[in-house]
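Working through the structure, step by step
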Amino acid sequence: MLQSLPRRGSRRGSNGVPDYLDRRKMTNVFTEVALIGGAGYELGVVGSAQRIQGRNVTPSFFQVLGVRPLLGRTFTEEEAVLGKEKVAVLTEGLWKDLFAATRMWLAKISG
């Protein structure tokens, strides 16, 4: 959902975390709402890290889309708190390309 910011000269603006939290708390129209934002990440060890594109999403993102992971799990509301360790959900393509589709990596990543 985009919002209008006419006093700032913008007919369309993005939503931030406070907007998301307010809408989530006050909505009675939707079963669930989610927030998504673009991001880039460095993945790998120092000196040979690879830049990948990603998304920052709320845990409700997967429920809104009605999707579940092929392996492993998505993340919880408790893990979405600022200051907690980062949790990632990999695409199948990234898992195959960078981790050779090895389940051993899933244990190391989540462990």
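Everything here concerns the structure above.
This text gives an overview of the structure that appears in the document. (Residues numbered from 1 in each chain as written. Predicted model: local features only at pLDDT ≥ 70, side-chain atom pairs only at ≥ 80, totals over all residues. Heavy atoms only, no water.)

Right, let's talk about the packing of aromatic side chains for a bit. If you walk through the whole model with that rule in mind, you get two aromatic pairs. Taken together, a centroid distance of 5.3 Å and an interplanar angle of 80° make the contact between Phe-61 and Phe-62 edge-to-face. Here Phe-61 and Phe-62 have matching classes, each one buried. Three or more aromatic residues link up through ring pairs in this structure, and these residues are Phe-61, Phe-62 and Phe-75. (Phe/Tyr/Trp six-rings, centres within 6.5 Å; stacked < 30°, edge-to-face > 60°. Buried < 20%, exposed > 50% of the residue type's maximum accessible area, 1.4 Å probe, protein only.)

The next subject is helix H3 (residues 92-99). Every buried residue of H3 is accounted for by Leu-94, Trp-95 and Phe-99. Angularly, the buried residues of H3 cover 100° about the axis, an arc narrow enough to put them on a single face. Phi for Ala-100, located one or two positions after H3, is positive at around 55°. (Helix = DSSP H or I, 4+ residues; strand = E, 2+ residues; numbered from the N terminus. Arc of directions from axis to C-beta.)

So far we have only geometry, and geometry alone does not tell us how the molecule works.
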